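Residue strings, one per chain:
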Amino acid sequence: MQAETAVLLAPPTVQWRSRLRKLLPALILAGSRGGAVAAQMAAQIAVGALAGASGLGVLQLFTSWSCIAGEVLAMGLPARAMRTVAVDYDRGDAQAVRAHVKQAIVRILRTWLPLAALSVAVVAVGYSALETGDAGDYALIAAAVLLAAPLFSLLRLGADALKGADAPLAAVTLENLGPPTLILVTCLACWLLGQPVLTPALLVAGIAGFAVTSLGLWAALRRRLASCTPQISPAPDAQHSEHNDLRYLWANSVLSIAYLHLPFLLLPWFADTAEIGIYAVAHKLINVITTLLILLAAVFGPAFARAAAAADKATLQRLLQRTQLISAAIYLPFAIVLLLACDPLARVFNLESGALRPFLLILAAGHLINAVTGLSGVMLNMAGAAAVELRTLVASALVAVIASLLVGPSYGALGLACVFSGTIALKNLASYGAARHYLKQQDVH
């Protein structure tokens, strides 16, 4: 209390410096994520310049399927690791953190040898049978995905464990900058040697990106645990010790990433490539904002887990409200700037004037609901109510697919944009309602 009073009575310059120091970690975190977005865009530009549209297609297929397969292989362990490590690290129990993380690594690595053997078979049989054209590339992509999926699982596990150990800056920086940096290094090396960026080089760079990033995350976690100081705190409760909802965390992780890629799975059935391209640009521009919101999960996820372990529903409610305020404060100014800059942005991407605006307006409306409802889904996962969040994801995905089949044939890409935006809003409203009901009706154990 005395410290707070001293700050209030201090000169304005001292007060301003004190507030800046409190904001500095958040600003650095946002800057790190912004740098990662820039690196990802730079990697795409470099691949497009040196490998053309085919190279971009190979990279997109490899990345999308590696992420989906990696989430399947991760079995929900990263989300559980964030929740468990957040509580154990707060208690200063580094030994418990190491034991939990080691157990999770062993479970993931059990799949490594059979996947490696399968990938060798794919290369030996598939590539020899399909040596030329796109078919040969698809065989190589399949083999690369089988090798990369476990590495992506370990990357996700290390990143979420590091976030749970109160090191979100290191986790976000490494997990987002590592893979595109390896792509950029590969492109630079090929350019300096005067060589084209061929499919094998891209795939090797993608696999190496996951591997190097995983090693960096685990090294950062080891350093973090080495400085862990034991705290006097109550013994772990039953919920923290048991975690019987792993299968729900697993399903949530897989469905979330599949839901993210759903538009590009359905659009080719009802729209031409030009319309898909316009949608993709609008989607990417909105994602520049929503990726900033993802940073909040790295900070508030462990806080939710600790409040849930302490059975403190009041704190859970305050944290949820805080994420709503921060999300809205981040989203609204950036969204307004994007909407005002529609035409200049369309020219940057070589689109016709006015083509981008309706897509951007529709997607911005859906993600506005995403912002104002805060991290409801993260709160449910961290508080042991992953089954509730899973139901909202399944229901929203079903609505999106059924509505797409009804709307797509008549209204094309613009109609599907309305469907996807509407289901994003529906899902987040459902999660928020479920979170409010959980806080009112259930005890947090």
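All values reported here derive from a predicted model rather than from experimental measurement.

Asks: Describe the environment of Leu319, listing the residues and the values that go with them.
Replies: Relative to the elements of secondary structure, Leu319 occurs in helix H12 (residues 313-340). Assessed through its relative accessible area of 9%, Leu319 is described here as buried. Spatially, the C-alpha atoms of Leu319 and Ala303 are 7.9 Å apart, while their sequence positions differ by 16 residues. Those residues in contact with Leu319 that sit more than four places away from it in its chain are Phe300, Ala303, Phe304 and Ala307.

Asks: Explain the packing of helix H4 (residues 94-109) against helix H8 (residues 199-226) residue by residue, including any values.
Replies: At a minimum axis separation of 10 Å, H4 and H8 run at an interaxial angle of 160 degrees. It follows from the interaxial angle that H4 and H8 lie roughly antiparallel. Where H4 crosses over H8, the handedness of that crossing is left-handed. Touching Ala94, Val97, Arg98, Val101 and Ile105 of H4 are Trp218, Leu221, Leu225 and Ala226, all from H8. Split into classes, the residues belonging to the contact of H4 with H8 amount to eight nonpolar, no polar and one charged.

Asks: Describe the packing of aromatic side chains, listing the residues and the values that go with them.
Replies: The full count for this structure, using the stated rule, is three aromatic pairs. Consider the rings of Phe62 and Phe210, whose centres lie 6.0 Å apart with planes at 25 degrees: the pair is stacked. Of this pair, Phe62 sits in helix H2 (residues 12-74) while Phe210 sits in helix H8, and the two are 148 residues apart along the sequence. With a relative accessible area of 2%, Phe62 lands in the buried category. Phe210 sits in the buried class, given a relative accessible area of 6%. Look at Phe300 and Phe304: their rings are 6.5 Å apart centre to centre, the planes differ by 45 degrees, and that puts the pair in the tilted class. Here Phe304 and Phe300 lie together in helix H11 (residues 273-309), a separation of four residues that amounts to about one turn. Here the two residues Phe300 and Phe304 agree in accessibility, since each one is buried. Aromatic rings pair up to connect Phe62, Phe152 and Phe210 into one cluster.

Basis of the calculations
- Residues numbered from 1 in each chain as written.
- Predicted model: local features only at pLDDT ≥ 70, side-chain atom pairs only at ≥ 80, totals over all residues.
- Heavy atoms only, no water.
- Helix = DSSP H or I, 4+ residues; strand = E, 2+ residues; numbered from the N terminus.
- Buried < 20%, exposed > 50% of the residue type's maximum accessible area, 1.4 Å probe, protein only.
- Contact = heavy atoms within 4.5 Å.
- Axes fitted to C-alpha atoms, helices over the stretch in contact; angles between N-to-C directions.
- Parallel < 35°, antiparallel > 145°, perpendicular 65-115°, else oblique.
- Left-handed = near helix turned anticlockwise from the far one by under 90°.
- Nonpolar A, V, L, I, M, F, W, Y, C, P; charged D, E, K, R; others polar.
- Phe/Tyr/Trp six-rings, centres within 6.5 Å; stacked < 30°, edge-to-face > 60°.

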